[in-house]
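# A look at the structure
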Amino acid sequence: MDAWHDMMQRLWARIGRFLVAHAGAVLIVTLLISVVLAFGATRLTFATGQDSYLNADSQVAIDNRAYQDLFGGEAMITAIAMEDGGSIVDLFTAENNAEMRRIQEEVKALPGVNGAVTPLTALEWSQNLVVAPEGSDDPTASVAGGILLGATGRETDPDAQAARLADAATTVERLEAAGEQRLDNPEWVRFLLIDNQGDIRASLRPFFPVAPGQEPTEANAIQAQMLTRLTGNASIEEEGEAATEVVEIVETAELSGARTLTTGGPVLLKDINDYLQGGMLVLGAIAVVVMIVVLSLAFRVRWRLVPLLVMAIGVVWTFGLLGYTGFQLSLVTIAGLPILIGLGVEFAIQVHNRVEEELLLERASTPFVESIRNIGPALAVATVAAAIACLALLASKVPMIREFGILLAIGIVLVFAAAIVVPVATLSIRERRSPTTERRQQRVVERSMVQLARAPKVLVGPLVFAAVALFAVGMVVEEDTPIQTDPEKWVDQDSQTIKDLDQLKAETGSSSELGVYIQSPDGVLTDEMSAFVTGLALDTLEGNADTLVNVSSLATTVFYLMEVPGASPLPPTGEDLQNAYAVAPPDIQQSLVADDGNATNMVFLVGQSSLEIRKDLVDELRATVQPPAGATATPAGLAVVGVGLLDNLTANRLLLTWLALGGVALWLVIRFASLVKAALVLLPVLLAVGLAATVVWAAGITVSPLTTVSGPLVIAICTEFATLILFRHLEERRAGHAPRTAVDIAAARTGRAFFASSLTIVGGFAVLLVSPLPLLRDFGAIVALTVAIALLSAVTVLPPVLIWADERGWVKAGRSTATDPTGADRRSTEAPV
């Protein structure tokens, strides 16, 4: 190892001499590179669609793409509520009907819209079903009449047959009494909307919902819904633009006696996307201000803001390089910005602090070379370890978390390069013009860091036990920490979008949907497929009454049309479906059956429920549904994407931490060629990881997709702190100091750098606490907490254990160098500030 140490020392010394000798040219080249890469940063795009949550080749993603190709993308919902106690029947006036038709046509004309169905459209279908063909005044000649007669003929129970005949007679009476068959005739609308028992027809409840807990009676029929289906598999930008235009058009509606509210998942995702592109930059700017304050107060050196320059260059290099590769930012990857801001400042502080130390000690003729020669290897080891910890995220099943790992690994390396190059080149130019002469003594921070490192030897055993025990506890409780995967909970809960979604759920009981598409190569409008679809829909709805509000499909619409109290629950025939489909408005046709007739759509409106409950429902559908031979029934839609995200996040949460820890351990063993040194670095890492996970669990914090990466992040940050402490201890031991003295000198001379860098990282993440997005607030709080834990773990656990191991001869420092290469004495324990 002595030969390896000498080789690395010579290499870093050459790097230091080059940077000092060509400082001006180095800074110019650095600036030019930064300008070129800054243009790359402008090419970054943002992605918050399903490709960020699901692997493109996963079955869930494949199914959802197929579903959207067949039946369109996400839905925008327009709730129409009557005011001043009016009935929804009053909505259908000539003026309002004309207005709904105008809105529908304008919305359908938008480039990002697949189709739109208004309450008027739903009533038009009902009217087409019950009105007799032109030239006939026989109600039984209508499509609905034929379907009902056919059902009566299929009854085998005389009582059931009598119930159907009696209900049919009542229907004919009501039809004749309704008057003129126009959709601006209140009595005709009431006949179409209300069944013979005085309830909203079951087939129309998806378009005429009632508030949760209310019975679907005529008295409660005070609202309706318009459904706008966006283009399938569109980008988040396309969806967002279409959603905005839909809202703008609907807001122009002048519906007498009614108010409208338009919202939906696309609006929510647009809000997230807009914040990523603007809000994060604002938070980044605030973080820089916080760091300026921290550096001004806690980092008492000349030109103390140089670390901010390093940070800016490192961030520009990272995002610029990724921009040229076509990298897309997401909810998770954008969070790499505050991490790189913090690490960039932290790395630069370590280099800057060492340079100032060498200048103040006046023991070397080449202080910059000495600085790089000593701090370079330590930071390099820490950088590789941090990159390895981040690359462990590549094992995640969530694409945006894998991309987060790539971004951080690249960013950490580039920040390290900037931290080596910029401070040395900049400060060497400063020293030529204005040499440092002021000498400061120890202050409170340095003395405090020395005291923290002076734990009694008797605590070595308990500290080791506590580190291992807390790590074990943390790994156990981390699996019990709940994950928040509902996008509605990621955003500002006081935003208008959330208020609109809450109002929609309060009025209709739902704001999301679960789709199931059924395919059969022999067509879906057959007796066999009709029976299967009807049974699947009704059984699923009945078995999940607490989760699902209602269901809409061609088969259930016809089934509900045939449903009569006291009669047998007969499924419609294939001919029934064909006849009903033939008279449906085009927008309803395309939402229910694919153009080739081989696929049909079933949409459940999902009530307020946790994603875990929805996951159980989806899993049950996949496991228990048995379609006819050759047919398939596949869950899809936004709810299924959320379930897929939950599955991916929970599949290997602990594995990511274990991989990061294992990768870092292997690297340290290889680099140090010593199990003892690797174990010494890992001991505070174990404590930090376990303690952070335990605190989060004990505090009852619900983690988000973003905060599930905190394990590898803690490993990266704590490994850096511990590595720097170990390297400095070994350096002082090679200088001839005893183990205790070496630790004291290391703590005193690096204490302010550790303190300042920790404050900048904690302050940078604490800025996220002012974000309106709970997703980012929780992430900021957890990372700020874990950084503080990482620092305390490194400076309190490692020193006493290090001394204990060193005194037993288990830590080999290498060849003694009581004097530096220039002959200056290195035994002084004075610690300048």
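To keep things clear, this report deals only with the structure shown in the data block. Please read these numbers as outputs of a predicted model, since none were measured by experiment.

This part covers the overall build of the protein. Scanning the protein from N- to C-terminus turns up 29 helices and ten strands. Along the first, second and third principal axes, the C-alpha atoms of the protein reach 115 × 50 × 45 Å. When each of the 833 residues of the protein is scored for burial, the buried share is 59%. A separation of at least 24 residues holds for 80% of the contacts in the protein among residues at least 6 apart in sequence. Summed over all atoms, the accessible surface of the protein reaches about 31400 Å², with 59% contributed by carbon and sulfur. Taking the 56 positively charged and 89 negatively charged side chains of the protein as two groups, their mean positions are separated by 24 Å.

In terms of nonpolar packing, the biggest core is built from 249 residues, with Tyr 53, Leu 91, Phe 208, Leu 514, Leu 554, Met 602 and Phe 779 touching the most fellow members. Grouped together as the second largest cluster of nonpolar side chains are seven residues, Tyr 517, Ala 594, Ala 599 and Val 603 included.

Our next topic: the pattern of salt bridges. According to the stated counting rule, one finds 25 salt bridges in the structure shown. For Glu 358, the salt bridge is made with Arg 354, and the minimal N-O distance between the two is 3.0 Å. Here the residue Glu 358 and the residue Arg 354 both occupy positions in helix α13 (residues 336–361), the gap between them amounting to four residues, near one helical turn. Overall, the relative accessible area of 1% leaves Glu 358 in the buried class. We classify Arg 354 as buried; its relative accessible area is 4%. A salt bridge links Asp 619 to Lys 615; the shortest N-O distance between them is 2.8 Å. Of this pair, Asp 619 and Lys 615 both sit in helix α23 (residues 611–624), four residues apart, which is roughly one turn of that helix.

Right, let's get into the packing of aromatic side chains. A full pass over the atoms with the stated rule returns nine aromatic pairs. Between Trp 188 and Phe 191, the ring centres sit 5.4 Å apart and the planes meet at 25 degrees, which makes this aromatic pair stacked. Of this pair, Trp 188 and Phe 191 are both found in helix α9 (residues 186–193), three residues apart, which corresponds to roughly one turn of the helix. Accessibility classification places Trp 188 together with Phe 191 in one group, the buried group. Taking 5.8 Å as the distance between ring centres and 45 degrees as the angle between the ring planes, the aromatic pair formed by Phe 672 and Phe 727 counts as tilted. Taken together, the positions of Phe 672 in helix α25 (residues 653–672) and Phe 727 in helix α27 (residues 710–734) put the pair 55 residues apart, joining distant regions of the chain.

Moving on: the sheet that holds strand β2 (residues 75–82). With antiparallel pairing, the four strands of this open sheet are ordered in space as β3-β4-β2-β5. Edge positions in the sheet fall to β3 (113–117) and β5 (258–264), since each has one partner strand and no second. Shown here is a sheet whose adjacent strand axes are inclined to one another by a mean of 20 degrees, direction ignored. Where β2 and β5 come together, seven bridges link them in antiparallel fashion. Residue pairing for β5: Ala 81 is matched across the bridge by Arg 259. Where helix α5 (residues 94–108) meets the sheet, it contacts β3 and β4 (223–230), and its direction lies at approximately 165 degrees from that of β3.

Compared with the 28 Å implied by 1.5 Å per residue over 20 residues, the 29 Å span of α25 between its first and last C-alpha is a close match. All of the buried residues along α25 are Arg 653, Leu 654, Leu 656, Thr 657, Ala 660, Leu 661, Val 664, Ala 665, Leu 668, Arg 671 and Phe 672. One face of α25 carries all of its buried residues, which in axial projection span an arc of 165 degrees. When the buried face of α25 is taken as reference, the exposed residues oriented beyond 90 degrees from it are Leu 666 and Ile 670. In the segment just after α25, Ala 673 is the residue with positive phi, at about 55 degrees.

Time to look at the sheet that holds strand β7 (residues 512–519). The four strands lie next to each other as β8-β9-β7-β10, forming an open sheet whose pairing is antiparallel. Every interior strand has two partners, whereas the edge strands, β8 (548–552) and β10 (632–636), have only one. Adjacent strand axes in the sheet meet at a mean angle of 20 degrees when their direction is disregarded. Two elements, β8 and strand β9 (residues 599–606), share four bridges in a ladder whose sense is antiparallel. Considered in β9, the bridge of Leu 548 is made with Val 606.

The next thing to look at is the pairing of β9. For β9, the tally of buried residues reaches eight of eight residues, placing the bulk of the element in the interior. Burial along β9 is two-sided: Ala 599, Asn 601, Val 603 and Leu 605 facing one way and Thr 600, Met 602, Phe 604 and Val 606 facing the other are all buried. As defined by bridge partners, β7 adjoins β9 across eight bridges and the pair is classed as antiparallel. By the bridge assignment for β9, Ile 518 is matched with Thr 600.

In this section: the packing of helix α6 (residues 119–130) against α9. Between α6 and α9, the shortest axis-to-axis distance is 10 Å and the interhelical angle comes to 85 degrees. By the angle between their directions, the pair α6 and α9 is classed as roughly perpendicular. Facing Leu 123, Ser 126, Gln 127 and Val 130 of α6, the residues of α9 in contact are Trp 188, Val 189, Phe 191 and Leu 192.

Right, let's get into unusual backbone geometry. Of note, the phi angle at Asp 84 is positive, near 55 degrees, even though the residue is not glycine. Looking at the secondary structure, you find Asp 84 in the loop between β2 and α5. Its identity as a non-glycine residue notwithstanding, Trp 303 has a phi of 55 degrees, on the positive side. Along the chain, Trp 303 turns up in the loop between α11 (265–298) and α12 (306–324). Exposure remark for Trp 303: the relative accessible area of 46% places this residue in the partly exposed category.

Another point: the side chain of Arg 373. Considering the arrangement of structural elements, one finds Arg 373 in helix α14 (residues 367–391). Of the polar contacts made by the side chain of Arg 373, one reaches the side chain of Glu 370; its length is 2.9 Å.

Time to look at the side chain of Arg 229. Structurally, Arg 229 is set in strand β4. Polar side-chain contacts of Arg 229 include one of 3.2 Å to the backbone oxygen of Gly 73. When residues no more than four places from it in sequence are discounted, the contact partners of Arg 229 are Phe 71, Gly 72, Gly 73, Glu 74, Ala 75, Val 113, Asn 114, Gly 115 and Glu 513.

In a packed pair of helices, the relevant descriptors are the angle between the two axes and the axis-to-axis distance. α25 packs onto α14 with a crossing angle of 150 degrees between their chain directions and a minimal axis gap of 8 Å. When the interaxial angle is binned, α14 and α25 end up roughly antiparallel. Handedness of the α14/α25 crossing: right-handed. Touching Pro 377, Val 381, Val 384, Ala 385, Ile 388 and Ala 389 of α14 are Ala 660, Gly 663, Val 664, Trp 667, Leu 668 and Arg 671, all from α25. Within the contact of α14 with α25, the residues separate by chemical class into ten nonpolar, one polar and one charged.

Taking 1.5 Å of rise per residue, the 25 residues of α14 would be expected to cover 36 Å, and the 35 Å separating its terminal C-alpha atoms lies within 8% of that figure. Where α14 bends most, the angle comes to about 35 degrees, and this point is Ile 375, followed within four residues by the proline Pro 377. Counting buried residues along α14, 22 of its 25 residues qualify, which places the element largely inside the surrounding structure.

With that out of the way, let us pick up empty space enclosed by the protein. Here the structure, examined in full by the defined rule, presents eleven cavities of 30 Å³ or more. What the largest cavity holds in volume is close to 160 Å³. Considering the residues around the largest cavity, the lining is formed by 15 residues, among which Glu 478, Ala 693, Thr 707, Ser 710 and Gly 711 are closest to the centre. Of all elements in the fold, only α26 (675–698), α27 and α29 (774–807) reach the threshold of two or more residues within the lining of the largest cavity. In terms of residue count, the dominant contributor to the lining of the largest cavity is α26 (four residues). Considered class by class, the residues forming the lining of the largest cavity number seven nonpolar, six polar and two charged.

On the surface, Leu 31, Val 35, Val 36, Phe 39 and Tyr 324 cluster together into a nonpolar patch covering about 490 Å² of accessible area. Looking at the nonpolar patch, the element that brings in the most residues is helix α2 (residues 23–41), giving four residues. Residue position: Val 35 is located in helix α2.

Scoring rules and cut-offs
- Residues numbered from 1 in each chain as written.
- Predicted model: local features only at pLDDT ≥ 70, side-chain atom pairs only at ≥ 80, totals over all residues.
- Heavy atoms only, no water.
- Helix = DSSP H or I, 4+ residues; strand = E, 2+ residues; numbered from the N terminus.
- Buried < 20%, exposed > 50% of the residue type's maximum accessible area, 1.4 Å probe, protein only.
- Contact = heavy atoms within 4.5 Å.
- Areas by Shrake-Rupley, 256 points an atom, 1.4 Å probe, with all protein chains shown as cover.
- Lys, Arg positive; Asp, Glu negative; His and termini not counted.
- Charge placed at Lys NZ, Arg CZ, Asp CG, Glu CD.
- Core = buried A, V, L, I, M, F, W, Y, C linked by side-chain atoms within 4.5 Å.
- Salt bridge = Lys/Arg side-chain N within 4 Å of Asp/Glu carboxyl O.
- Phe/Tyr/Trp six-rings, centres within 6.5 Å; stacked < 30°, edge-to-face > 60°.
- Pairing = 2+ DSSP bridges.
- Axes fitted to C-alpha atoms, helices over the stretch in contact; angles between N-to-C directions.
- Expected span 1.5 Å × (residues − 1).
- Arc of directions from axis to C-beta.
- Parallel < 35°, antiparallel > 145°, perpendicular 65-115°, else oblique.
- Polar contact = N/O pair within 3.5 Å; in protein donor to acceptor, adjacent residues only side chain to side chain.
- Left-handed = near helix turned anticlockwise from the far one by under 90°.
- Nonpolar A, V, L, I, M, F, W, Y, C, P; charged D, E, K, R; others polar.
- Bend = angle between axes of the 7 residues up to and from the residue.
- 1 Å grid on protein atoms, 1.4 Å probe; cavity = no way out; pocket = protein on both sides within 12 Å on 5 of 7 lines; lining within 4 Å.
- Points joined across faces, edges and corners; volume = space filled by probe spheres on them.
- Patch = residues over 30% accessible without salt bridge, like charges linked within 9 Å, V, L, I, M, F, W, Y side chains within 5 Å.

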